[in-house]
Amino acid sequence: MSTEKNVEVVFARGAWNKSDFIEVKSPRWEYINDWAQEDDYIRNVTPDVSDEELFEKYGSKVYSAMVYKEKFSPEFTVSSKMSFDHLMAPLIVIAPELGKGKNGFPEFREHYEIVLFMDGINVWHHTYQDGKPAYIRTAFLMCNYDAKTIYDLQINVKQINNEMLELEITCGDHKFGCALPHLAEEYYLGVIACEGRNRFYDFQVKK
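Let me sum up the structure you'll find in this document.

**Considering the overall build of the protein**
(1) Moving on: When helices and strands are counted, the protein shows 1 helix and 18 strands.
(2) Moving on: Taken over C-alpha atoms, the radius of gyration comes to 16 Å for the protein, in line with the 17 Å a tight globule of 207 residues would show.
(3) Moving on: For the C-alpha atoms alone, the extent of the protein along its principal axes is close to 50 × 45 × 35 Å.
(4) Moving on: Counting all 207 residues of the protein, 50% fall into the buried class.
(5) Moving on: Of the roughly 9,900 Å² that the protein leaves accessible, carbon and sulfur atoms contribute 46%.
(6) Moving on: Computed over 23 positive and 33 negative side-chain charges, the inter-centroid distance for the protein is 4 Å.

Below, the structure is given as structure tokens:
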């Protein structure tokens with residue numbers, strides 16, 4: 001059952017409850033990464049190496065993800081203030097269902113990712129068939145976003161018919177939209193850090 005309440009989470013030390021979220025792993029890798037708490041944000045746990053070495057050697061080993069424990073039905077606006085070091089790639093995830101990995105840990109199945117990186121925003125549609133994950137870029141915005149800069153990524157989701165969702169995506173001075181398949185009546189919403197050091201300062205859902 002989806003919730004109708006608004007959610008406002010600030011990821012400052014002592015200001016939020018981790019039990020309000022479900023930690024999720026990627027089906028692409030077996031490892032499970034954690035979150036590090038800083039004074040006014042959380043970040044994915046990463047090796048203490050340079051930005052360049054982290055991206056080149058550890059880019060596929062720093063994935064951290066979690067979704068809010070309650071689902072939301074369209075229509076809603078989900079947003080998060082976030083930043084990245086070097087190149088990429090903090091994101092907001094929209095997932096109709098969660099599966100389980102080999103050890104029973106929650107694992108993504110089909111889902112959408114709205115990804116901030118240095119050259120714009122990508123919208124990825126991830127699928128899962130016969131135990132194999134795959135993904136395709138369904139929309140993108142080409143522009144410049146700076147490393148070590150806080151951006152407020154906002155996604156307004158509307159149900160335009162029984163088959164499609166309409167996303168209006170805003171970040172900084174840029175805005176674009178796209179239509180995506182309407183997979184379910186309700187969705188998990190959350191954040192993912194990957195490919196580099198990513199920071200999240202808050203997480204909000206407004207009905």
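**Points about the side chain of histidine 125**
(1) Moving on: Of note, histidine 125 is situated in strand 11 (residues 120-129).
(2) Moving on: Overall, histidine 125 belongs to the buried group, its relative accessible area being 12%.
(3) Moving on: A distance of 2.6 Å separates polar atoms of two side chains, one belonging to histidine 125 and the other to glutamate 110.
(4) Moving on: If we skip the residues at most four places from it in the chain, histidine 125 touches Glu110, His111, Tyr112, Ala134, Tyr135, Ile136, Thr138 and Leu183.

**Considerations on the environment of asparagine 161**
(1) Moving on: Within the secondary structure, asparagine 161 is located in the loop between strand 13 (151-159) and strand 14 (164-171).
(2) Moving on: In this structure, the C-alpha to C-alpha distance between asparagine 161 and isoleucine 136, residues 25 residues apart in sequence, is 23 Å.
(3) Moving on: Engagement of the side chain of asparagine 161 in a polar contact is seen with the backbone nitrogen of methionine 164, the distance being 2.8 Å.

**A closer look at the pattern of salt bridges**
(1) Moving on: This model, assessed by the stated rule, comprises 16 salt bridges.
(2) Moving on: Between glutamate 53 and lysine 57 there is a salt bridge whose closest N-O contact spans 3.7 Å. Taken together, the positions of glutamate 53 and lysine 57, both in helix 1 (residues 51-58) and 4 residues apart, correspond to about one turn of that helix.
(3) Moving on: A salt bridge links glutamate 97 to lysine 71; its shortest N-O distance comes to 2.9 Å. Placement of the pair is glutamate 97 in the loop between strand 7 (88-95) and strand 8 (98-100) and lysine 71 in the loop between strand 5 (64-68) and strand 6 (76-84), with a sequence separation of 26 residues.
(4) Moving on: A single network of salt bridges, built from pairs that share partners, joins Asp51, Asp85, Lys148, Arg197 and Arg199.

Calculation rules
- Residues numbered from 1 in each chain as written.
- Predicted model: local features only at pLDDT ≥ 70, side-chain atom pairs only at ≥ 80, totals over all residues.
- Heavy atoms only, no water.
- Helix = DSSP H or I, 4+ residues; strand = E, 2+ residues; numbered from the N terminus.
- Rg over C-alpha atoms; globule rule 2.2 N^0.38 Å.
- Buried < 20%, exposed > 50% of the residue type's maximum accessible area, 1.4 Å probe, protein only.
- Areas by Shrake-Rupley, 256 points an atom, 1.4 Å probe, with all protein chains shown as cover.
- Lys, Arg positive; Asp, Glu negative; His and termini not counted.
- Charge placed at Lys NZ, Arg CZ, Asp CG, Glu CD.
- Polar contact = N/O pair within 3.5 Å; in protein donor to acceptor, adjacent residues only side chain to side chain.
- Contact = heavy atoms within 4.5 Å.
- Salt bridge = Lys/Arg side-chain N within 4 Å of Asp/Glu carboxyl O.

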